[in-house]
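Spelled out, the chains give:
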Number of protein chains: 2
Amino acid sequence: MSLADTIPCLSEETAPDTRSRILATADAYFREIGYQKTTVADIARALKMSPANVYRFFDSKKAINEAVLERLIGEVEALISEIADRPGLDPTERLVAAIETLHRDCTRRCEAFPRVHEMIEAAMAESWDVCRHHVARITAGFERIIRDGVARGVFEAADPAEAAACVHAAIARYTHPVLVGKSPLQPAPSVEAMTAFLLRSLAPRGPRP
Amino acid sequence: MSLADTIPCLSEETAPDTRSRILATADAYFREIGYQKTTVADIARALKMSPANVYRFFDSKKAINEAVLERLIGEVEALISEIADRPGLDPTERLVAAIETLHRDCTRRCEAFPRVHEMIEAAMAESWDVCRHHVARITAGFERIIRDGVARGVFEAADPAEAAACVHAAIARYTHPVLVGKSPLQPAPSVEAMTAFLLRSLAPRGPRP
């Protein structure tokens, strides 16, 4: 698929349409050419509009990246939220599924778009709130699963919020685009082995003999 | 301290001296100016020698980086190896000390030299063996601690090598320069909370009632 195919057609349109066309075009450029090499002028040219018109909607490339990331991140968060609250799966199965989903989603995006990590690195450098809110929302999904597991007696955690943050931080090697995208070959145990190791930390203890 | 202060003096010298002066100069440039912006010509100019003379010792900037990293990495590995085999500390204390040491060393280097992560990223992109051996040697230190803990009955791990690899991968957020250097503010539990979470996974289980 060429970049041109991903850019929405010009038509008579409203402001929200223009805004979403800018985002779709920026998204395609950031993924294919990379965040660093894409300019606001590139995005404007692809849309046959002036850079000044782009700046009517977004005051910087940073602001465009934040909006592009919000959308991408929103998709991942919806997946995790759905798993966290899925009926019919026990808490262990939900935790396994949530980790597996984050890992697969990250790996898939990094393989399909080898420059996607540039968008995340730019956000890590200059858009702290976007990163912070994303970490908080994914961790909140883990926390709901762990709290439910504690309530059902299948997990034990004195502080489910902290346990959730630990699980989330511990899987960075498998779910953080900066590590997954840049070092797909870096030696590490399988995600299944890591998940089993983390689940062991959450397992209830019998009283010691 | 200026960059010039870190460059060794010219003197009549042997080939090993020249090699180590090239490494010390490259090291200073990579830390201060960054791996990307440093050229072999910069290193040669600082040493008042020709680039051709540098190439007599190292056939590429990549080869220089590998030698610089081997030295830096060797220091970290020696620290961890010493802790892993330290008499008088029990296995839990040794695991805590090893994680704390890796975290403190990484944080200190990233704070002192904000561009140090470029050297590591370059190695991740083009010097796989250096990365792989480093991960293997640090993980081997964790494995010795865990095996000793299993032998003494203070840890339980069906596969100590895999448990060691999981502990090492789980602390990437605290010990990998690409995450520590680029996102010192990224939300995460304290390293102490993470260590306690991982130790819980290694704790022996009493038989369930």
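The rules behind the values
- Residues numbered from 1 in each chain as written.
- Chains lettered and ligands numbered in written order.
- Predicted model: local features only at pLDDT ≥ 70, side-chain atom pairs only at ≥ 80, totals over all residues.
- Heavy atoms only, no water.
- Helix = DSSP H or I, 4+ residues; strand = E, 2+ residues; numbered from the N terminus.
- Least-squares fit on C-alpha atoms with pLDDT ≥ 70 in both.
- Contact = heavy atoms within 4.5 Å.
- Buried area = accessible area lost by both parts, 1.4 Å probe.
- Salt bridge = Lys/Arg side-chain N within 4 Å of Asp/Glu carboxyl O.
- Polar contact = N/O pair within 3.5 Å; in protein donor to acceptor, adjacent residues only side chain to side chain.
- Nonpolar A, V, L, I, M, F, W, Y, C, P; charged D, E, K, R; others polar.
- Buried < 20%, exposed > 50% of the residue type's maximum accessible area, 1.4 Å probe, protein only.
- Expected span 1.5 Å × (residues − 1).
- Core = buried A, V, L, I, M, F, W, Y, C linked by side-chain atoms within 4.5 Å.
- Axes fitted to C-alpha atoms, helices over the stretch in contact; angles between N-to-C directions.
- Parallel < 35°, antiparallel > 145°, perpendicular 65-115°, else oblique.
- Left-handed = near helix turned anticlockwise from the far one by under 90°.

Could you clarify how one ought to interpret unusual backbone geometry in this entry?
For residues besides glycine, phi is generally negative; the peptide bonds are generally trans as well. We note that A:K48 has phi near 55°; this positive angle belongs to a residue other than glycine. Here A:K48 is to be found in the loop between α2 (40-46) and α3 (51-57).

Please explain the relation of the copies chain B and chain A as it appears in this structure.
Copy one and copy two of the chain differ by a rotation about a common axis and a shift along it. At an RMSD of 0.0 Å, chain B and chain A line up after a rotation of 180° and a shift of 0.0 Å along the axis. Viewed as a symmetry operation, the transformation between the two copies matches a two-fold axis.

When you look at the interface of chain B and chain A in this model, what are you seeing that I'm missing?
Interface size is often expressed as the accessible area that is lost when the parts come together. With 39 residues of chain B at the contact, the number on the chain A side is 39 residues. Between chain B and chain A lies a buried interface of about 3,700 Å² when both sides are counted; carbon and sulfur atoms form 68% of it. At the junction of chain B with chain A, the criterion picks out two salt bridges. Between A:E156 and B:R200 there is a salt bridge, with its nearest N and O atoms 3.8 Å apart. At the surface where chain B touches chain A, the tally comes to 10 residue pairs in polar contact (both at pLDDT 80 or more). Broken down by secondary-structure element, the contributors of at least two residues to the side of chain B that touches chain A are α6 (116-126), α7 (128-152), α8 (160-170), α9 (172-175), α10 (177-182) and α11 (191-202) of chain B. Here the side of chain B that touches chain A is built from residues that sort into 25 nonpolar, five polar and nine charged.

Got a minute to help me understand the pattern of salt bridges in this structure?
Two side chains with opposite charge may pair up if their charged atoms get near one another. Residue and element names in this part refer to chain B. Using the criterion set out here, one finds 34 salt bridges over all chains in the structure. One salt bridge in this structure joins R45 and D42, with 3.3 Å as the shortest N-O distance. Highlighted residues: R45 and D42, both in helix α2 (residues 40-46), separated by three residues, approximately one helical turn. A salt bridge links R108 to D105, with the nearest nitrogen and oxygen atoms 3.0 Å apart. Here R108 pairs with D105, and both are found in helix α5 (residues 91-112), just three residues apart, close to one helical turn. When its relative accessible area of 48% is taken as the criterion, R108 is described as partly exposed. We classify D105 as buried; its relative accessible area is 8%.

Just to check I follow, could you spell out helix α5 (residues 91-112) of chain A for this structure?
Residues and elements named next belong to chain A. For α5, with 22 residues, the first-to-last C-alpha span of 31 Å sits near the 32 Å given by 1.5 Å per residue. Burial in α5 covers these residues: P91, R94, L95, A97, A98, I99, T101, L102, D105, C106, R109 and C110. Capping of α5 at its N-terminal end is provided by D90; its side-chain oxygen lies 3.0 Å from the backbone amide nitrogen of T92.

Even after reading the chapter, I still don't get the nonpolar core, so can you show me in this structure?
Soluble globular proteins tend to bury their nonpolar side chains together. Ranked by size, the top nonpolar core spans 65 residues in total, and within it A:I22, A:F30, A:I64, A:M119, B:F30, B:I64 and B:M119 carry the most contacts. If near-sequence neighbours (up to four positions away) are discounted, A:M119 is found in contact with A:D27, A:F30, A:Y35, A:N65, A:V68, A:L69 and A:L72.

Would you mind showing me how to read the packing of helix α4 (residues 61-84) of chain A against α5(A) here?
The angle between the axes and the distance between the axes are what describe a pair of packed helices. Residues and elements named next belong to chain A. Put simply, α4 and α5 touch, their axes get as near as 9 Å, and they point 160° apart. Taken as axis vectors, α4 and α5 run roughly antiparallel relative to one another. Considering the relative orientation of α4 and α5, their crossing is right-handed. Every residue of α5 that contacts α4 at L72, E75, V76, L79, I80, I83 and A84 is listed here: R94, A97, A98, T101, L102, D105 and R109. Broken down by class, the residue content of the contact of α4 with α5 amounts to nine nonpolar, one polar and four charged.

Purely geometric stuff here, so don't read any function into it on its own.
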